[in-house]
Amino acid sequence: MSSTTATRPGRYQRPNPREGFISWITTTDHKRIGLMYFWTVLVFFFFGGVQSALIRTQLAQAEQSVLTEEIYNQVFTMHGITMVFLVVMPFAAAFFNYLIPLMIGARDVAFPRLNAFSYWVFLFAGIFLYSSFLLGGAPNGSWVGYAPLSTDAVSNMGFYAIGINALGISSLAASINFIVTILNMRAPGMTFMRMPVFIWMALVTSFLLLFAVPIISTALFMLMFDGVYGGQFFEPATGGDPILYQHLFWLFGHPEVYIMILPTMGIISETLPVFSRKPLFGYAAVVFAGAAIGFIGFGVWAHHMFTSAMGPVARSAFALATMFIAVPTGIKIFNWVFTMWGGKLRFTTSMLFSIGFVSMFTIGGLSGVTHAIVPHNAQQHDTYYVVAHFHYVLFGGALFGLIAGVYFWFPKVTGRLMNETLGKWHFWTWLLGFNLTFGPMHMSGLLGQPRRTAVLPAELGPTVELYNLLSGVGLIILFGSALVFLYNLLASTKKGELAGEDPWDARTLEWLTTSPPKAHNWDKIPTVTHRDEFWHRKYAEDEAGRPVAVPAGAAEDVGDPRGDNAEALDEHIHMPDASYWPFVMVLGLVPLMYGLNFASAPLIAIGLLWAIIGMYGWIIEPLAEGDDDDPLDAPNPSATTGAVTY
Amino acid sequence: MSATETPQQEAEHGHHPTARDYVNIAVILGILTALEVSTYFFEFGPLGVPMLIVLMVIKFLLVVGWFMHLRFDTKVFSRLMYTGLAFALVLYSITLAALYLDNFSAMT
Amino acid sequence: MAAGAHETSLGIDHRKLGMWTFLGSEFLFFGAFLATFLLYVQTTAGGPGVEIFDIPFTSISSFVLLMSSLTMVLAHNAHTQGDLRRMRMWILATAGQGAVFLGGQVFEFNVFVREGLTFGTSPFATSFYVLTGFHGAHVFIGILLLLTLYTFSLTGKVKPNQPLKTEMIGLYWHFVDIVWVVLFTVVYLIPELTVLD
Amino acid sequence: MRDSSAERPSPRRRTRLVPMAGFSLLALLLAACGGDATRTPQNALNPAGRYAQEPHDLITIVLIIAAVVFVLVHFLIIYSVVKYRQRKDDDGSLPVQIHGNTRLEIFWTIIPALILAGIAVPTVQMIFSQMDEPDDAFVVEVIGHRWWFEYYYPEHDIYTANEMAIPVGRPVRLQMTASDPARDPAQGVIHSFWVPRLAGKQDLIPGQMTYLNMLADEPGRYYGQCAEYCGLSHANMRIRVEALDDAAFDAWLEAQQAPAEVPADELAARGRELFGDLGERQACAACHQVWEGDGGRTPGTGPDLTHLMSREEFAGAIHDMTPENLREWLRDPNSMKSMQYEVNGIGMPDLDLTDEELDALVAYLLTLE
Ligand code: HEA
Ligand code: HEA
Ligand code: CUA
Ligand SMILES: [Cu+2]
């Protein structure tokens with residue numbers, strides 16, 4: 001944003017388009033990056049959905065062979081990978097990106113280019129994973145990739161090890177970015193205990209990622225070294241221990257499931273109060289419980305290994321830890337319910353999904369507790385009972401909440417409302433289809449149906465067959481429902497009812513600015529004096545605790561609670577400029593990933609070199625033209641003569 | 001971000017170590033290393049391992065505290081580092097214990 | 001992004017906070033490989049074990065790496081005083097010592113391979129190479145960063161009033177150093193005492 | 001109770017859909033408890049011995065507690081939804097802004113903690129009691145291969161595959177590991193042994209030994225299958241356990257210990273010859289043992305065929321032991337079960353057998369009583 005942009009001699013032209021393809025490739029705006037995450041996620045969700053449809057078709061009847069075992073195994077593996085790493089996690093990242101700066105009163109995240117980098121790594125790692133279908137078959141060692149099966153070349157798990165590792169880099173960069181943003185960029189007055197719960201959960205999630213991602217990264221490196229380069233980490237022939245892999249995977253894997261649910265818990269903690277017209281019941285307890293879940297969540301990993309080679313002491317210890325994670329979760333459930341208690345509930349679609357979340361997640365959580373009963377876990381483990389459990393927490397939990405968030409913040413992002421009638425259709429069919437798909441799995445699991453089997457054995461009996469058929473029917477409903485959602489999204493973006501600035505009578509800071517927000521979010525950074533700041537600008541409480549609208553002509557002027565905003569622009573707003581470099585650098589990752597997978601030294605070298613060059617471009621480029629991080633940045637003769645890297 | 005990397009800012013934290021302090025620390029580090037290596041040449045009996053661990057911890061703390069300025073910087077940094085360190089220590093110790101002590105091979 | 005450190009909520013520069021956050025997570029990265037190595041210290045599948053280590057040799061390269069931390073912090077010290085010339089000298093010294101350490105590692109690996117400890121010989125071998133190899137990769141990146149810093153201080157991209165840049169690279173460098181402090185003791189010295197007897 | 005409640009979803013009011021879905025689930029759960037063994041032979045809710053019964057009793061209690069919590073939470077949700085919904089005639093005023101209630105919050109922290117502590121005690125006790133080695137256990141060694149189970153009876157020097165016979169009323173201790181193709185853990189992968197009505201599952205780890213206790217109270221055929229994903233044909237790796245009363249079990253042991261008879265019939269004799277020598281092609285005997293009494297029994301890389309006909313099913317217990325099936329199996333094994341012999345040597349190869357060879361081999365196999 002300065003006059004020097006066009007005039008610097010000897011330097012490449014910095015991109016600064018406001019629209020068009022290039023503007024998306026080069027953007028560093030957290031809102032645009034959030035949107036890119038969102039749309040990419042929808043596409044991957046569609047893929048994951050198609051894969052689940054293949055699974056359900058194959059299992060619709062006993063002893064079918066619509067798919068060969070080979071294909072089936074690839075399909076369920078990619079389904080798990082897609083849904084976990086390419087749908088739920090980046091879905092949360094979409095919300096984090098869009099909302100964190102808005103909710104804490106910042107103009108962007110701490111490292112805007114790193115943010116773009118995270119997105120591009122995510123996209124290209126996803127494409128890399130899917131390219132495996134064309135290059136000798138997709139990974140087929142399941143999403144947990146247990147060694148030594150996954151070090152066998154036939155499992156194609158090189159793609160998994162390398163692709164997920166790349167996704168880990170993306171997540172790690174994003175988590176550092178969000179941690180710094182939240183710790184360091186809060187608006188004046190936004191103390192920790194005034195932060196929205198969503199921000200708290202984003203912070204906890206980021207810390208979980210920060211500490212969990214390096215662990216999976218090591219596990220995946222080991223898998224890659226064993227599988228592609230002849231390493232012996234998990235090879236029993238030379239004394240390698242396959243159980244080590246399981247520990248490392250679940251050391252990450254269990255925090256991971258909370259990484260997937262905590263963002264949703266944050267969303268719910270925003271929507272329920274708004275639509276109940278009451279503050280969140282027990283804010284401190286909800287925050288504390290969220291942190292406790294994150295913390296305890298690091299100490300329960302081996303509950304996925306109760307039937308593995310673990311002795312009774314470890315089994316007992318992890319059973320205890322696992323059970324007690326229900327306590328903080330229970331605190332949250334009850335606090336949410338009591339947020340509704342005594343309120344005035346408005347059943348918007350967003351509210352319905354939020355209530356649906358509380359209900360469905362409770363079911364999934366309770367079945368989770370039954371897993372911790374180790375003697376009986378030996379019956380449940382690796383059956384459809386577990387499949388039911390985790391779809392209830394992931395789909396009924398994480399996805400329900402994320403969708404509640406979509407309906408809630410859609411007007412913020414687009415300035416328009418989503419169609420409520422379609423929304424209600426979406427919700428009820430979604431709820432019905434979901435329960436029909438996954439409810440019966442509890443039973444088919446207990447009746448003896450193991451997971452990850454390409455055939456439904458006829459000997460399990462007609463009851464189990466019936467349940468499987470029901471699951472298939474449920475999925476058809478889900479697909480219809482998803483189409484309603486998709487239509488609603490697209491149609492409402494174009495011609496949805498105009499939302500105005502504050503359609504929900506909301507409570508938090510992001511509603512203080514315009515919808516959609518300007519590129520720089522705030523004309524003037526607001527000063528925060530309360531938790532639920534925006535609400536407190538609109539209402540005061542009388543002695544009885546009853547809220548009354550702020551008097552003095554406030555009512556007629558929506559702009560008034562935005563008092564800060566009405567003033568003129570802050571002196572001189574520096575926004576980070578767009579940049580090619582994150583994208584360019586990530587392009588280098590592509591040859592690197594294939595090179596590692598096919599053990600090709602030239603490809604690896606090209607990739608590394610490319611990435612390093614990209615990195616230099618990145619370092620040399622000032623964050624914003626003319627707003628170099630050095631106030632002394634005068635045209636320096638040596639700057640053009642001495643620099644060689646571009 | 002900008003113009004904050006001025007010498008004055010460092011001064012705000014007060015008692016900033018001098019080059020001489022750094023050299024002193026390095027001398028201590030060198031001596032400790034020599035002590036460590038001496039376990040290879042001399043027999044320390046059962047004292048060897050505990051001694052090595054203590055020396056390692058001291059060296060670690062010296063580098064972190066002085067060279068990385070943790071002693072003089074804001075607590076936030078210490079918390080970040082020690083949280084990571086504590087997580088690593090606890091989690092991997094439990095893992096090793098489970099693998100070594102409490103599996104079937106150990107049972108029989 | 002307009003916010004400088006004076007405007008941040010914690011009064012700390014973003015980059016330094018980000019670096020420390022990152023370093024916090026690195027403990028878990030190296031920890032896993034170290035734990036793996038400990039698990040496999042004696043799993044040599046008939047191949048060479050810890051007796052292959054040449055403690056005097058590794059001691060010297062460890063010492064060099066340790067001293068590179070001194071030159072690193074001196075470089076930062078010089079930079080805080082705005083003395084780019086001395087800063088550059090110390091940076092070169094640091095990078096040089098890093099290179100000596102790396103050279104030592106390459107040499108050591110070569111010797112080991114010749115003595116029969118190849119990457120796929122045993123879990124011991126693989127975990128040793130991967131653990132120390134990843135540390136070496138960190139040193140290598142550190143050297144690249146140092147040389148970049150050196151060049152940029154010549155071109156004016158890094159200026160006398162920007163010691164934070166040196167400090168950040170220093171943090172990374174010292175971290176790599178403390179990892180080696182741990183590795184040297186746990187990988188080389190302690191097994192030498194316990195496993196061999 | 002019958003399972004049929006699943007088949008007729010009854011029309012309900014929308015607002016109650018959520019709880020109703022839950023309740024019908026619970027009803028289904030209970031319905032299956034007494035499930036009829038022939039309709040659901042792999043039913044974990046229908047235990048047939050103490051190692052399956054005890055966990056089942058424990059989980060029943062936990063499920064009831066879970067049901068109570070479920071009902072409670074949903075009562076609260078539904079009550080709030082009905083009572084506190086914004087009415088049509090709403091005056092636009094806002095409800096009292098309650099920020100929390102510490103006493104209530106402590107209450108719902110402590111109560112769940114107490115409940116869980118209550119569940120934890122018997123759980124931990126049972127973990128130990130289930131894993132303890134029983135006193136007079138009958139030991140069977142189990143090796144998981146891709147994709148079939150091999151059993152060895154160390155006291156009697158018996159090898160068999162997929163179908164295992166055990167004595168009724170006596171605890172059986174399985175001593176398990178995994179390896180591929182034969183006893184080489186280098187290519188082994190993890191499997192899991194699971195016969196729900198007799199015991200929970202336990203993984204088999206290549207290079208390590210794991211143990212599992214089982215007990216059958218009644219004679220009968222118990223179904224199970226591999227429960228840890230082990231690659232291509234994981235779905236086709238099934239288990240049959242035949243629990244026999246003492247007399248029958250002794251007879252079984254005796255029959256299995258006997259060497260195979262050399263067939264008299266001409267075609268079968270020709271088959272026996274081919275079995276040992278297929279010219280250019282790999283002989284069956286390279287992988288399969290048919291023990292005729294000389295020397296000790298030495299396992300091959302494929303199932304022991306000495307008493308093949310004593311088994312009702314073959315190939316990971318997915319096919320009935322009929323001459324037609326056997327013939328098809330020898331003609332084109334991959335059509336009967338997905339394997340990857342060509343890729344990494346796992347499974348049974350296609351040996352391009354001619355029709356006569358097939359006839360002879362099948363005739364021979366049929367003599368292996
Ligand atoms: C979002 C993801 C998510 C979440 C939140 C959870 C939450 C929980 N999970 Fe789940 N889990 C998964 C995702 C998740 N899980 C996945 C993906 C797998 C399978 C991985 C694979 O193998 O592929 C899995 C598998 C899994 C297993 C291994 C099963 C097996 O393979 O054998 C276990 C075992 O203990 C378990 C336990 C739990 C527990 C105790 C909780 C608890 O956090 C739940 C707590 C919540 C409640 C209990 C409800 C509300 C509480 C109250 C109303 C208070 C009162 C309650 C009581 C007094 C009980 N989970
Ligand atoms: C968040 C995670 C998540 C989600 C949402 C889902 C969703 C679904 N899952 Fe799955 N699932 C997993 C995570 C998830 N799953 C995991 C981790 C595993 C374990 C894998 C393993 O064992 O390794 C698994 C395994 C798994 C199995 C077990 C396979 C086996 O063990 O053999 C089954 C079986 O039925 C199944 C079914 C389904 C179904 C029917 C859905 C449906 O609910 C899907 C519904 C989706 C749609 C209907 C998509 C529609 C989308 C659109 C229409 C958008 C269109 C947009 C554009 C075109 C731009 N899943
Ligand atoms: Cu063997 Cu699955
Ligand atoms: Cu878990």
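Note that this is a predicted model, so its numbers are computed, not measured.

S.K.: If you had to explain the overall build of chain C to someone new, which residues and values would you point to?
M.R.: Scanning chain C from terminus to terminus reveals five helices and zero strands. N-terminal to C-terminal, the α/β element order of chain C is α-α-α-α-α. Structurally, chain C occupies a C-alpha span of about 60 × 35 × 25 Å along its principal axes. The proportion of buried residues among the 197 residues of chain C is 71%. Summarising the internal contacts of chain C: among those between residues at least 6 apart in sequence, 80% fall at separations of at least 24. Entry remark: accessible area of chain C is about 5800 Å², with carbon and sulfur atoms responsible for 68%. Between the averaged position of the 9 positive side-chain charges in chain C and that of its 12 negative side-chain charges there is a distance of 21 Å.

S.K.: Outline the overall build of chain D, supporting the account with residue identities and numerical values.
M.R.: The helix and strand tally for chain D stands at nine helices and twelve strands. Per-residue burial for chain D yields a buried fraction of 55% across its 369 residues. Taking contacts inside chain D between residues at least 6 apart in sequence as the whole, the part at least 24 apart equals 65%. About 15900 Å² of surface is accessible on chain D, with carbon and sulfur atoms providing 56% of the total.

S.K.: Describe the pattern of salt bridges, with residues and values.
M.R.: If you walk through the whole model with that rule in mind, you get 34 salt bridges over all chains. A salt bridge links C:Arg15 to C:Asp13, with the shortest nitrogen-to-oxygen separation between them at 3.2 Å. Each member of the pair C:Arg15 and C:Asp13 is classed as buried. Members of the salt-bridge network, linked through shared partners, are A:Glu63, A:Glu459, D:Glu163, D:Arg221, D:Arg238, D:Arg240, D:Glu242, D:Glu312 and D:Glu313.

S.K.: How would you sum up the coordination of the iron atom of ligand 2? Please name residues and give values.
M.R.: Ideal donor angles around a metal are set by the shape: a four-donor tetrahedron calls for 109.5 degrees, a six-donor octahedron for 90 or 180 degrees. Residue and element names in this part refer to chain A. Protein coordination at the iron atom of ligand 2 comes from His79 (NE2) and His391 (NE2), with a distance range of 2.0 Å. In this structure, the iron atom of ligand 2 is coordinated by six donor atoms arranged in octahedral fashion, with angles at the metal of 84 to 180 degrees. In this pair, His79 is assigned in helix α3 (residues 69-104) and His391 in helix α13 (residues 384-414), connecting sequence segments 312 residues apart. Exposure remark for His79: the relative accessible area of 13% places this residue in the buried category.

S.K.: I'd like a description of the interface of chain D and chain A, backed by residues and values.
M.R.: With 103 residues of chain D at the interface, the matching set in chain A holds 115 residues. For the pair chain D and chain A, the summed buried area comes to about 9100 Å², and 69% of that belongs to carbon and sulfur atoms. On inspection of chain D and its partner chain A, the count reaches five salt bridges. Counting every contact that joins chain D to chain A gives 30 residue pairs in polar contact (both at pLDDT 80 or more). Residues belonging to the side of chain D that touches chain A are distributed by class as follows: 60 nonpolar, 29 polar and 14 charged.

S.K.: Outline unusual backbone geometry, supporting the account with residue identities and numerical values.
M.R.: Between A:Ala147 and the following residue, A:Pro148, the backbone shows a cis peptide bond with an omega angle of 0 degrees. Inspection of the secondary structure puts A:Pro148 in the loop between α4 (112-131) and α5 (157-184). Geometrically, the link from D:Arg146 to D:Trp147 is a cis peptide bond, its omega value of 0 degrees lying close to zero. Secondary-structure assignment places D:Trp147 in the loop between β1 (138-145) and β2 (148-153). Even without a glycine there, the phi angle at D:Ala317 is positive, about 55 degrees.

S.K.: Requested: an account of the site of ligand 1, with residues and values cited.
M.R.: All names here are of chain A. Neighbouring ligand 1 are 32 residues; Trp143, Tyr258, His381, His389 and Arg451 lie closest to it. Separating an oxygen atom of ligand 1 from a side-chain N or O atom of Asn377 is a distance of 2.8 Å. Residue His389 places a side-chain N or O atom 2.9 Å away from a nitrogen atom belonging to ligand 1. At six residues, helix α11 (residues 349-371) tops the list of elements feeding residues into the shell around ligand 1. Its residues assigned to classes, the shell around ligand 1 comprises 19 nonpolar, eleven polar and two charged.

S.K.: Any details on the domain arrangement of chain D? Residues and values, ideally.
M.R.: Residue and element names in this part refer to chain D. As far as domains go, chain D holds domain 1 (41-76 + 101-246) and domain 2 (266-365). A straight line from the C-alpha centre of domain 1 to that of domain 2 covers 32 Å. In total, about 2100 Å² of surface goes out of reach between domain 1 and domain 2, with carbon and sulfur atoms giving 53% of it. Looking only at domain 1, the three residues that lose the most surface to domain 2 are Trp147, Tyr159 and Glu163, adding up to 25% of its buried area. Across the domain 1-domain 2 interface, the total number found is three salt bridges. In this structure, Arg221 and Glu312 form a salt bridge, with 3.7 Å as the shortest nitrogen-oxygen distance. Summed over the shared surface of domain 1 and domain 2, the number is eleven residue pairs in polar contact (both at pLDDT 80 or more). Every element with two or more residues in the side of domain 1 that touches domain 2 is listed here: β2, β3 (158-161) and β10 (238-244). Element by element, the count of residues in the side of domain 1 that touches domain 2 is highest for β3, at four residues. Class assignment of the residues belonging to the side of domain 1 that touches domain 2 gives a composition of nine nonpolar, five polar and ten charged.

S.K.: Please provide a residue-by-residue account of the site of ligand 2, values included.
M.R.: All names here are of chain A. In the vicinity of ligand 2, 33 residues are found, and the nearest of them are Arg56, Tyr72, His79, His391 and Arg452. The contact in question runs from an oxygen atom of ligand 2 to an N or O atom on the side chain of Arg56, over 2.5 Å. The residue makeup of the shell around ligand 2, split by class, is 22 nonpolar, eight polar and three charged.

S.K.: How would you sum up the coordination of the copper ion (ligand 4)? Please name residues and give values.
M.R.: Surrounding the copper ion (ligand 4) are the protein donor atoms A:His254 (ND1), A:His303 (NE2) and A:His304 (NE2), which sit 1.8 to 2.1 Å from the metal. In the primary sequence, the donor residues of the copper ion (ligand 4) line up as H-x48-H-H.

S.K.: Describe the sheet that holds β3(D), listing the residues and the values that go with them.
M.R.: Two orientations exist for strands paired in a sheet by backbone hydrogen bonds: parallel and antiparallel. All names here are of chain D. What the five strands build is an open sheet, ordered β3-β2-β1-β5-β8; its pairing is mixed. Both edges of this open sheet fall to β3 and β8 (210-214), since each of them pairs with a single strand only. Strand-to-strand twist of the sheet, defined as the mean angle between neighbouring strand axes without regard to direction, takes the value 25 degrees. Of the pairings in the sheet, the one linking β2 to β3 comprises four bridges and is antiparallel in character.

S.K.: Mind laying out a positive patch on the surface, listing which residues take part and the relevant values?
M.R.: Residue and element names in this part refer to chain D. A contiguous patch of positive charge on the surface is contributed by Lys83, Arg85, Arg87 and Lys88. Note that Arg87 resides in the loop between α2 (50-83) and α3 (102-131). Judged by relative accessible area, which is 41%, Arg87 ranks as partly exposed.

S.K.: Give me the lowdown on the environment of A:Met201, citing residues and values where you can.
M.R.: All names here are of chain A. Along the chain, Met201 falls in helix α6 (residues 197-229). Residue classification places Met201 among the buried residues on the basis of a relative accessible area of 0%. Sequence-distant contacts of Met201, that is, excluding residues within four places in its chain, are made with Leu262, Met265, Gly266, Val286, Val287, Gly290 and Lys332.

What counts, and at which threshold
- Residues numbered from 1 in each chain as written.
- Chains lettered and ligands numbered in written order.
- Predicted model: local features only at pLDDT ≥ 70, side-chain atom pairs only at ≥ 80, totals over all residues.
- Heavy atoms only, no water.
- Helix = DSSP H or I, 4+ residues; strand = E, 2+ residues; numbered from the N terminus.
- Buried < 20%, exposed > 50% of the residue type's maximum accessible area, 1.4 Å probe, protein only.
- Contact = heavy atoms within 4.5 Å.
- Areas by Shrake-Rupley, 256 points an atom, 1.4 Å probe, with all protein chains shown as cover.
- Lys, Arg positive; Asp, Glu negative; His and termini not counted.
- Charge placed at Lys NZ, Arg CZ, Asp CG, Glu CD.
- Salt bridge = Lys/Arg side-chain N within 4 Å of Asp/Glu carboxyl O.
- Donors = N, O, S within 2.8 Å, 3.2 Å for Na, K, Ca; no water.
- Tetrahedral: all angles 85-135°; square planar, octahedral: opposite > 155°, others 65-115°.
- Buried area = accessible area lost by both parts, 1.4 Å probe.
- Polar contact = N/O pair within 3.5 Å; in protein donor to acceptor, adjacent residues only side chain to side chain.
- Nonpolar A, V, L, I, M, F, W, Y, C, P; charged D, E, K, R; others polar.
- Near = heavy atom within 4 Å.
- Domains from an automatic or database assignment.
- Pairing = 2+ DSSP bridges.
- Axes fitted to C-alpha atoms, helices over the stretch in contact; angles between N-to-C directions.
- Patch = residues over 30% accessible without salt bridge, like charges linked within 9 Å, V, L, I, M, F, W, Y side chains within 5 Å.

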